[in-house]
Amino acid sequence: MSQPKTAKELLDQLGAKWSPDFDAYAAGETSSPRCVLCTKSPCTCPEFGTPEYLALLDKRHGRRP
Ligand SMILES: [Zn+2]
């Protein structure tokens, strides 16, 4: 039972699940890294905090409802 309650907690939980393109982005090789959640570029995530967003977050964490 550790449902995140704040945006910071959500980000903390993401932790190492950063964008797969982040290294390239940091190195200046791409200006549009894929989103860590939806893996799309540009990002197609639902609005932050919505049930759809939280469901996507759970999916990325490999959780089951
Ligand atoms: Zn996204």
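Here, every reference points to the structure presented above.
Residues numbered from 1 in each chain as written. Predicted model: local features only at pLDDT ≥ 70, side-chain atom pairs only at ≥ 80, totals over all residues. Heavy atoms only, no water.

Notes on helix 3 (residues 51–60)
Looking at helix 3, one finds that the buried residues are Y53, L56 and L57. One face of helix 3 carries all of its buried residues, which in axial projection span an arc of 100 degrees. Turned more than 90 degrees from where helix 3 packs its buried face, P51 and K59 sit exposed. With its phi angle positive at about 75 degrees, G62 sits one or two positions after the end of helix 3. (Buried < 20%, exposed > 50% of the residue type's maximum accessible area, 1.4 Å probe, protein only. Helix = DSSP H or I, 4+ residues; strand = E, 2+ residues; numbered from the N terminus. Arc of directions from axis to C-beta.)

Concerning unusual backbone geometry
For the peptide bond that leads from S41 to P42, omega is 0 degrees, which places it in the cis range. Considering the arrangement of structural elements, one finds P42 in the loop between helix 2 (22–26) and helix 3. At T39, a residue that is not glycine, the phi angle is positive and equals roughly 60 degrees. Topologically, T39 is positioned in the loop between helix 2 and helix 3.

A short note on the coordination of the zinc ion
Looking at the metal site, the zinc ion is ligated by C35 (SG), C38 (SG), C43 (SG) and C45 (SG), spaced 2.2 to 2.4 Å from it. Coordination geometry of the zinc ion: the four donor atoms subtend angles of 105 to 116 degrees at the metal centre, consistent with an arrangement described as tetrahedral. Expressed as a motif, the donor residue spacing for the zinc ion is C-x2-C-x4-C-x1-C. Under the relative-accessibility criterion, C38 is labelled buried at 10%. (Donors = N, O, S within 2.8 Å, 3.2 Å for Na, K, Ca; no water. Tetrahedral: all angles 85-135°; square planar, octahedral: opposite > 155°, others 65-115°.)

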